[in-house]
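# Observations on chain architecture
Each chain is listed here by its residues.
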Amino acid sequence: MMEPTFEFTAGSLCLDFTNGLGSRLEAPADSIRAYSDLVAWAVQAGILAPSQGQRLLEGADREPERAADAVRRAARLREAIYLAFSRLAGGRPPREEELQTINRLLAEALPHLRLRRAEARCRWEWLVPEGTVDQMLWPVARSAAELLTSDRVERVRECASETCSWLFLDGSRNRRRRWCDMASCGNRAKARRYYERHHRS
Ligand SMILES: [Zn+2]
C-alpha cells in the first residue's frame, strides 16, 4: 500500500497536524481515517522513529479498539486546534471547549516529559510507557500550548483560498501573506482572478 505523504509547511507542528490530516472542507471534521495515517504523519513529522511507528502498527493489529480510540482522540484534538487558531486568525479568542480539549491532552502528556542530557546541554524527551498508542499526540498538544502562549500567535493565518482552510504562521516581512502555499493555493487564486478579469462580458 502506498503511504500518504504529508506537507509540513505551516511553520508549527500543531498547525501542520491540523493541515496534514485531511481538508475540513472536503471531508467531515473527523477526516483522520485510519490509525496508519496518524502513524505515517508522525513518522514524517519526525516525532516517531520509523521503528517506533512499525511497533505501533503491529500493536494496532492486535488491539484495533485502542487504535480506533487513538484516532478519535486525534480527530478531537485536531478539531480543537483548528477551531482555536482559526478563531485567533480571525481576531477572536479561542473558546473554553477548545482549550479544555487541549488541556486534557496536556494533562496526560506532560507527566511523561523528561530532561535528557545531550552533549553540552539538555533536551526534552518523552518517556513513553509500554502499551501507549497515542504518544504522537503529546508533542502536538505541547506545540499548541506553546504557540497559544507565544507572541507568534499573532502571525497565525488561515489560507485566503475559498477551497482551503489550512492554517500557517506568516513569516513574511510585511505580515501580509495570504496563502498557505503560494505555489498551489496562491497561484490557483491568481489564475482565477486573471480568468475572471479577462472573461467578463
Ligand atoms: Zn491554501
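Residues numbered from 1 in each chain as written. Predicted model: local features only at pLDDT ≥ 70, side-chain atom pairs only at ≥ 80, totals over all residues.

### Some details on the overall build of the protein chain
To keep things clear, this is the line we draw: In this description a helix means any DSSP run of H or I spanning at least four residues, a strand means any run of E spanning at least two, and both kinds are numbered starting from the N terminus. Buried means a residue has 20 or more other C-beta atoms within 10 Å of its own C-beta, exposed means 12 or fewer, and partly exposed covers the counts in between; C-beta atoms are placed from the backbone. Note on contacts: residues are paired as contacts if their backbone-placed C-beta atoms lie within 7 Å.
Broken down by element type, the protein chain carries 7 helices and 4 strands. Within the protein chain, the proportion of its 201 residues that are buried is 30%. Across the protein chain, contacts joining residues at least 24 apart in sequence account for 60% of those joining residues at least 6 apart.

### A short note on the pairing of strand β2 (residues 121-126)
Note the following rule: Note on pairing: two strands pair once DSSP finds at least 2 bridges between them.
The buried count for β2 comes to 0 of 6 residues, which makes it a mostly uncovered element. The sheet contact formed by strand β1 (residues 113-118) and β2 spans 6 bridges and is antiparallel. Residue alanine 118 lies in a different strand from β2, and its bridge partner there is arginine 121. Once β1 ends, the chain turns through 2 residues before running back antiparallel as β2, passing glutamate 119 with a positive phi of about 55 degrees.

### Here's the deal with helix α6 (residues 137-148)
What counts, and what does not: In this scheme, a helix's expected span is set at 1.5 Å multiplied by one less than its residue total.
End to end, α6 covers 16 Å across 12 residues, agreeing with the expected 16 Å (1.5 Å per residue, within 8%). Listing the buried residues of α6 in full gives Leu137, Trp138, Pro139, Val140, Ala141, Arg142, Ala144 and Leu147. Those residues of α6 hidden inside the fold are in contact with α1 (13-20), α4 (64-89), α5 (96-109) and β2.

### Re unusual backbone geometry
Phi is positive for glutamate 119, which is not a glycine, with a value near 55 degrees. Mapped onto the secondary structure, glutamate 119 falls in the loop between β1 and β2. For glutamate 119, a count of 6 C-beta atoms within 10 Å translates into the label exposed. In this structure, arginine 175 takes a positive phi of about 55 degrees despite not being glycine. Overall, the presence of 10 C-beta atoms within 10 Å leaves arginine 175 in the exposed class.

### Considerations on the nonpolar core
Which entries qualify depends on this criterion: Connectivity within a nonpolar core runs through C-beta atoms within 7 Å, and the core itself is a set of buried Ala, Val, Leu, Ile, Met, Phe, Trp, Tyr and Cys residues.
Formed by 43 residues in total, the largest nonpolar core has its most connected members in Leu38 and Ile81. Among the elements of the structure, α1, α2 (35-45), α3 (50-62), α4, α5, α6 and β4 (167-169) are those that each provide at least two residues to this core. A per-element tally of this core places α4 first, with 10 residues.

### Some points on the confidence of the model for the protein chain
Low-pLDDT portions of the prediction should not be read for the details of their coordinates. The condition that has to hold: Per-residue confidence from the predictor is reported as pLDDT, which spans 0 to 100.
A residue-level look at the protein chain finds 86% of positions with pLDDT of 70 or above and a mean pLDDT of 88. Confidence, read as mean pLDDT per element, is least for helix α7 (residues 182-198) in the protein chain (68) and greatest for α6 (98).

### Quick notes on the environment of serine 172
When you line up the elements, serine 172 lands in the loop between β4 and α7. C-beta crowding within 10 Å serves as the criterion here: with 10 such atoms nearby, serine 172 is assigned to the exposed category. Along the sequence, serine 172 and arginine 155 sit 17 residues apart, while their C-alpha atoms lie 9.4 Å from each other.

### Section: the packing of α2 against α3
Inclusion rule: In this analysis an axis means a line fitted to C-alpha atoms, helices contributing only their contacting stretch, and an angle means the value between N-to-C directions, from 0 to 180 degrees. If an angle is under 35 degrees, it is roughly parallel; if it is over 145, roughly antiparallel; if it lies from 65 to 115, roughly perpendicular; otherwise it is oblique. In this classification, the charged set is Asp, Glu, Lys and Arg, the nonpolar set is Ala, Val, Leu, Ile, Met, Phe, Trp, Tyr, Cys and Pro, and all remaining amino acids, among them Gly, are polar.
In contact at an axis separation of 9 Å, α2 and α3 are set at 170 degrees when each is read in the N-to-C sense. Between α2 and α3, the angle falls in the class roughly antiparallel. Residues Tyr35, Ser36, Val39, Ala42 and Val43 of α2 form the contact with α3, whose participating residues are Pro50, Gly53, Leu56, Leu57 and Ala60. Residue composition of the contact of α2 with α3, by class: 8 nonpolar, 2 polar and no charged.

### Thoughts on the environment of aspartate 170
By the element assignment, aspartate 170 lies in the loop between β4 and α7. By the C-beta count within 10 Å, which is 17 here, aspartate 170 ends up partly exposed. Here the alpha-carbon distance between aspartate 170 and glutamate 154, two residues 16 residues apart in the chain, equals 8.9 Å. Once residues within four sequence positions are removed from consideration, aspartate 170 is found in contact with Arg155, Arg157, Arg175 and Arg177.

### Topic: α1
With 7 of 8 residues buried, α1 lies mostly within the body of the structure. Those residues of α1 lying buried are Cys14, Leu15, Asp16, Phe17, Thr18, Asn19 and Gly20. Residues of α1 that are buried sit in contact with α2, α4, α6 and β4.

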